[in-house]
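# Residue-level structural notes
Read off the chains here:
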Amino acid sequence: MQTREIPRGILGFPVTPMNDDLSIDYVAFQRNVEFLIENGLESVFIACGAGELHAIDNEEYEQLIIKAKEVVNGRVPIYTGVGGNITAALQQTKLSAKHQVDGYLILPPYLIEPSQDGIYEYVKTIAESTELNAIVYQRDNCTLTVDTLKKLAEIPQLKGFKDGVGNIEVNVEFTQALGDRFVWINGMPLAEVTMPTYVHIGYDTYSSAISNYIPYVSKQYFEALQNGDKQKVSEIYEDIIFPIHNIRRQKKGYAVSLIKAGMQIVGLPVSTNVRPPIAPVEPEHYEALKAIIAKAEEKYGNLKGDGSYVSN
Ligand SMILES: O=CCCC(=O)C(=O)O
C-alpha cells in the first residue's frame, strides 16, 4: 500500500493550453507546469477541472501525463483528474497507475444526480481501482453526507477530501467527525476568497487557480493567513482576490478561461483558446483582469517562491 502523504499547502492546477485548432499545445502545457514549480508550487494536479478533463480524450490524457512527468522529473508529486463517466474514470486511473503518477482527484459523476449509496459506490469503485492515493472532490453531483464520508473513510487509498460546495456547517461536522483521517482541501471557486474561513475549521490546503499567473500573490496571502496578519490578508483580498473573483463570477466557465487569460497577460505562451462548452473571456473582462494583474505586479512584486523574480 502506498504510504506517501498527499500534497498540502497551495496546490498547483495547470490548464490544458490549446492551439487555434483546439488541439493541445503540449509545449505550452510543459511551460505552465514548469512555471508553477519554479514559483514554489509543491504539487501539480493535471487534467482536472482547470485542465478541462471533461473535454479531452484518453490519448490526450495519457500524453499530458507523459509530458508532465518529463518536465517535472520527480521534483514534485503529480496528481491527475479522474471522473465524470465511471467507465472513463477507470480508464484514467489505469493510465495514471501505468505512468506511476502519485495519485488522482476524483471529480463528480456527470449528468446523473445520484443517491448517497450511488455516490459511495462511484467513489469506492474509482478509489479501489488502483493503489494510488485518491482525493474525493465534493461539488455538483457529488455532495456527501457525514455518514457517506465516514463509510468512504474505510477505503485506505482515499486520503483527501476537497470541498467545492461551501457549506461551513457540514464542513465542521466532517472535520470534527473525521479529524486527521483526511487532508482537508478548500476547492471552492477561487479558494483564496473563502480560505480565511476554512483555515479555522481544519483546512490547511487549497487549490489555487491564480497561481498559474500570479503565484506570488497567493503565496503572500496564504502566509499572511497563517501568520494571522489580518491587515495584509485584507489588503490582498481588496486589491486582488475579490476583484478577480468579481470578474470570475460574471460568466459560466470563467473558472478555466480566466486562468488562460491571466497566463497570457503575464506573458506565458498560453492562448485563451478553450474547448466548448467553456467560452473564451470577454474583451472587457480580459482588460479588467489585465489592470488587476498590473496592480499585483506593482504592489506585490512578481517574486518567485525563492524570492527571485519569475522568468515568464
Ligand atoms: O482552479 C483551481 C482548481 C480547481 C479544481 O479543483 C480543478 O481544476 O478540478
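To start, this report covers the structure provided alongside it. (Residues numbered from 1 in each chain as written. Predicted model: local features only at pLDDT ≥ 70, side-chain atom pairs only at ≥ 80, totals over all residues. Heavy atoms only, no water.)

## Brief notes about the packing of aromatic side chains
Working definition: an aromatic ring pair is given by the centre-to-centre distance plus the angle between the planes. Tallying each qualifying case throughout the model produces nine aromatic pairs. Between F161 and F174 the ring centres are 5.0 Å apart and the planes differ by 65 degrees, which places this aromatic pair in the edge-to-face class. With F161 in strand β6 (residues 158-163) and F174 in helix α6 (residues 168-178), this pair connects stretches of sequence that are 13 residues apart. Both residues of the pair, F161 and F174, belong to the buried class. In textbook terms, an aromatic cluster arises when at least three aromatic residues are bridged by ring pairs, as seen for F161, F174, F182, W184, Y198 and Y203. Above the ring of Y120, the side-chain terminus of K151 is found at 4.2 Å from the ring centroid. (Phe/Tyr/Trp six-rings, centres within 6.5 Å; stacked < 30°, edge-to-face > 60°. Helix = DSSP H or I, 4+ residues; strand = E, 2+ residues; numbered from the N terminus. Buried < 20%, exposed > 50% of the residue type's maximum accessible area, 1.4 Å probe, protein only. Lys NZ or Arg CZ within 6 Å of the ring centre and 35° of its normal.)

## Observations regarding a nonpolar patch on the surface
Taken together, Y110, L111 and I112 make up a surface patch of nonpolar side chains, about 390 Å² in accessible area. Position of I112 among the secondary structure elements: in the loop between β4 (103-109) and α4 (116-127). (Patch = residues over 30% accessible without salt bridge, like charges linked within 9 Å, V, L, I, M, F, W, Y side chains within 5 Å. Areas by Shrake-Rupley, 256 points an atom, 1.4 Å probe, with all protein chains shown as cover. Salt bridge = Lys/Arg side-chain N within 4 Å of Asp/Glu carboxyl O.)

## Concerning the site of the ligand
In the vicinity of the ligand, the contacting residues are F13, C48, G49, A50, Y137, K162, S207 and A209. Between the ligand and the protein, one listed contact pairs an oxygen atom with a backbone N or O atom of G49 at 2.8 Å. Isolated, the ligand exposes 280 Å² of accessible area, and the fraction of that covered by the protein chains is 91%. When each cavity is represented as a set of grid points, the ligand is found to reside in the largest pocket. Classifying every residue of the shell around the ligand gives five nonpolar, two polar and one charged. (Near = heavy atom within 4 Å. Polar contact = N/O pair within 3.5 Å; in protein donor to acceptor, adjacent residues only side chain to side chain. 1 Å grid on protein atoms, 1.4 Å probe; cavity = no way out; pocket = protein on both sides within 12 Å on 5 of 7 lines; lining within 4 Å. Sits in = over half its atoms within 2 Å of the grid points. Nonpolar A, V, L, I, M, F, W, Y, C, P; charged D, E, K, R; others polar.)

## Some thoughts on helix α11 (residues 283-300)
Helix length check: α11 (18 residues) gives 25 Å between terminal C-alpha atoms against 26 Å at 1.5 Å per residue, within 8%. All of the buried residues in α11 are H285, Y286, L289, I292, I293, A296 and Y300. Along the axis of α11, the buried residues cluster in a sector spanning 125 degrees; they form a single face. Across α11 from its buried face, at more than 90 degrees, point the exposed residues P283, E284, A291 and E298. In this structure, the buried residues of α11 make contact with α8 (215-226), α9 (230-248) and α10 (254-265). (Expected span 1.5 Å × (residues − 1). Arc of directions from axis to C-beta. Contact = heavy atoms within 4.5 Å.)

## Details of the environment of T80
Considering the arrangement of structural elements, one finds T80 in strand β3 (residues 78-84). Residues in contact with T80, not counting those within four places in the same chain, are I46, C48, Y61, I65, S96, V101, G103, Y104 and L105.

## Focus on the state of the cysteines
Enumeration according to the criterion identifies zero disulfides in this entry. Here C48 stays unpaired: no disulfide links it, and the sulfur of C142, its closest cysteine neighbor, is 14 Å away. (Disulfide = S-S within 2.5 Å.)

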